[in-house]
Amino acid sequence: GPSRSLMLTRAFVRAGLPLPPFLRRASNRVGISRSVHAGMASGDETRVAIVGGGVAGIACAQSLVANGFGKRVDIYDQGSRGPGGRTSSSRPVEVNGETMAFDHGAQFFTADDPKFKAVCEELKAKGYVARWDGVFGTLNAFDGVFIPKRRVETAGPPRRDFFKLLTADEVLVGVPTNQALCEGLRALAGDDVTAHWHTTVTGLDRDASGKTWSVSGVNKRRLDEGQAGSKEKRLSGRNAAVVVCDVMAARKGTPGTCAVTGLPDSGDAANAWAAFANPKVPERVGLFSCMLAFDAAAPKPEFDAAVVTGSDVINLLVRDSSKPGRVKRKDGLERWVAVTTIEYAERTIASAPLTVDGEYNPQTAEYFANIEPGIVNEARRILGVACGDDDGEYPAPHHAKCQRWGAAYHSGAVGEGVPGGVCFFDMDAGFGMAGDFVQGPGVEAAWLSGEAAGRATVR
């Protein structure tokens, strides 16, 4: 409708980019009303390939199956630990003879859309998702004053929030980690979906007939060491359509950079791919998370998750151990996750960039040597103040490790604020894009976009 086109148009105008044809022509709109071209390949080998195994990618696969796509669906994701994307859990580490893992990306999620609510209820019943009835609120980093969620004013000037922690009626998490959300979505998709984890798609090629796509890539690429595993090879052919659910595939200098060939030079798909390759559409927001484990005897703050005010380093503190379904440790270590402010991440990434000379800058111990201590010390100081120590003294952690999220979420996505799910799909090229970079930031937005892409592909 006009409101959708208007919002999409405004996003490109704000970014100072020329309006692509798919927003200029009424016959080629972005959204779920697009359908796969009737001339697509047919036959027993016809399939759909999805690039990205996060929330959007798996929602797309689930939607394909639920809406009657009777052929094979392949999901490719470069992560080595299964589905999840930014809802994935950290690699297990051993401390005091016991392993532990953290939610090092998305800390929780909420559900407002009726369709996503229904899926979450189904995942609750199957044990993949649970309601988190924690103590939430805001925390002043200077005086340690904690204001519970029930007392945080919702009227008047907007207050700082973090993905609706302070306003949502229900806060949800995956069980036993947030990665279970995608594992549950994957289970709902059934056996018609084949997952290829730890597989980096490096090329998508549309054949001369314009009816099928082939997928090429490498297996077991070691992302954080900047080294490839196996040599590039063809992963699949005769794909009727491809849907890219990881915007980093369109951008150079990332571990997931992907080349797309065979798109019509003047078509909607080529214009959309070029637009999303620009970091201004939408603007990616970087963050760091820091995983901490403290002794059982350490002082206990009164909250489970707090939006922090007054710190130029920390924006959110989460007691990861307090989430439902988490493993109880024999030694009683409490797991915490600190999420930085956008401003801190911008400053840090400016001095320690994501890419150097066009090449991905891996997350090595050397990279974090000058970053991690500052985040850890500020988290300890805030926890100390929250526990009543005026000097901000708090015990040193038994374990500390940081994670860089170069694209933690996307601000100003072209479909942000548009209800019902927005994706891009070019029916003539059999090429789509979906995710929070299209719909807007957050887990629910990513799911809505992926679900819309699945329906668009089937239709």
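Data block above holds the structure.
Peer 1: Sorry, what's going on with the environment of R381 here?
Peer 2: Inspection of the secondary structure puts R381 in helix α9 (residues 372–386). Here R381 falls in the partly exposed class, since its relative accessible area comes to 24%. Counting along the chain gives 13 residues from R381 to Y394, while the straight-line C-alpha distance between them is 6.5 Å. Beyond its immediate sequence surroundings of up to four residues, R381 is in contact with A141 and G392. A polar atom in the side chain of R381 sits 3.0 Å from the backbone oxygen of A141. There is a polar contact of 3.0 Å between the side chain of R381 and the side chain of E378.

Peer 1: I would appreciate a short explanation of the pattern of salt bridges in the present structure.
Peer 2: Oppositely charged side chains may form a pair once their charged atoms are brought near each other. Using the criterion set out here, one finds 18 salt bridges in the structure. D133 serves as the salt-bridge partner of R131, at 2.5 Å between the closest nitrogen and oxygen. On the basis of relative accessibility, which here comes to 59%, the residue D133 falls in the exposed class. What you see here is one network of salt bridges that share partners, running through D103, D320, K323, R326 and R335.

Peer 1: What am I meant to see in the nonpolar core here?
Peer 2: Nonpolar side chains in soluble globular proteins tend to end up buried together. In this structure, I50, F109, L181 and W447 are the most contacted members of the largest nonpolar core, which totals 38 residues. Residue assignment for this core shows that the elements contributing at least two residues are β1 (47–51), α3 (55–66), β2 (72–76), α4 (114–125), α5 (179–189), β12 (233–244) and α11 (443–458). Those residues within four positions of L181 in sequence are excluded, and the remaining contacts are V55, F109, L123, Y128, V129, G174 and V443.

Peer 1: Is there a simple way to think about the side chain of D103 in this case?
Peer 2: Note that D103 resides in the loop between β4 (98–100) and α4. A polar contact is formed between the side chain of D103 and the backbone nitrogen of N178, at a distance of 2.8 Å. A polar contact of 2.6 Å, which involves the side chain of D103, links it to the side chain of R326. Residues contacting D103, with those up to four places away along its chain left out, are T177, N178, D320, K323, R326 and V337.

Peer 1: Would you explain helix α7 (residues 342–351) in this entry?
Peer 2: Residues spaced three or four apart along an α-helix face the same direction, because each turn holds 3.6 residues. Y344, A345, T348 and I349 are the residues of α7 that are buried. Down the axis of α7, the buried side of the element spans an arc of 120°, and every buried residue falls inside it. Facing away from the buried side of α7 by over 90 degrees, the exposed positions are A350 and S351.

Peer 1: What is the right way to read the layout of surface pockets from this model?
Peer 2: Where empty space is left becomes clear once a probe the size of a water molecule has been rolled over the atoms. Here the second largest pocket is characterised by a volume of approximately 250 Å³. E283, R284, V285, G286, I342, A345, E346, I349, L354, G406, Y409 and S411 together form the lining of the second largest pocket. Those elements that provide at least two residues to the lining of the second largest pocket are β14 (283–294), α7 and β20 (399–411). By residue class, the composition of the lining of the second largest pocket is six nonpolar, three polar and three charged.

Peer 1: Help me out: how do you make sense of the packing of aromatic side chains in this one?
Peer 2: The description of an aromatic ring pair rests on the distance of the ring centres and on the angle between the ring planes. One pass over the structure, following the stated rule, counts 15 aromatic pairs. Between W132 and F136, the ring centres sit 4.8 Å apart and the planes meet at 70°, which makes this aromatic pair edge-to-face. The two residues W132 and F136 agree in class, both being buried. Relative to F368, the ring of Y367 lies with its centre 5.2 Å away and its plane at 90°, an arrangement referred to as edge-to-face. Taken individually, Y367 and F368 each receive the classification buried, so the pair is uniform in this respect. Of the aromatic side chains, those joined through ring pairs into one cluster are F108, F162, F163 and Y409.

Peer 1: Help me out: how do you make sense of the packing of α4 against α11 in this one?
Peer 2: Packed helix pairs are characterised by how far apart their axes lie and by the angle those axes make with each other. Look at α4 against α11: their axes get within 10 Å of each other, and the N-to-C directions meet at 100°. It follows from the interaxial angle that α4 and α11 lie roughly perpendicular. Contacts from K115, F116 and V119 of α4 reach α11 at V443, E444, W447, L448, E451 and R455. Taken together, the residues of the contact of α4 with α11 sort by class into five nonpolar, no polar and four charged.

What counts and what doesn't
- Residues numbered from 1 in each chain as written.
- Predicted model: local features only at pLDDT ≥ 70, side-chain atom pairs only at ≥ 80, totals over all residues.
- Heavy atoms only, no water.
- Helix = DSSP H or I, 4+ residues; strand = E, 2+ residues; numbered from the N terminus.
- Buried < 20%, exposed > 50% of the residue type's maximum accessible area, 1.4 Å probe, protein only.
- Contact = heavy atoms within 4.5 Å.
- Polar contact = N/O pair within 3.5 Å; in protein donor to acceptor, adjacent residues only side chain to side chain.
- Salt bridge = Lys/Arg side-chain N within 4 Å of Asp/Glu carboxyl O.
- Core = buried A, V, L, I, M, F, W, Y, C linked by side-chain atoms within 4.5 Å.
- Arc of directions from axis to C-beta.
- 1 Å grid on protein atoms, 1.4 Å probe; cavity = no way out; pocket = protein on both sides within 12 Å on 5 of 7 lines; lining within 4 Å.
- Points joined across faces, edges and corners; volume = space filled by probe spheres on them.
- Nonpolar A, V, L, I, M, F, W, Y, C, P; charged D, E, K, R; others polar.
- Phe/Tyr/Trp six-rings, centres within 6.5 Å; stacked < 30°, edge-to-face > 60°.
- Axes fitted to C-alpha atoms, helices over the stretch in contact; angles between N-to-C directions.
- Parallel < 35°, antiparallel > 145°, perpendicular 65-115°, else oblique.

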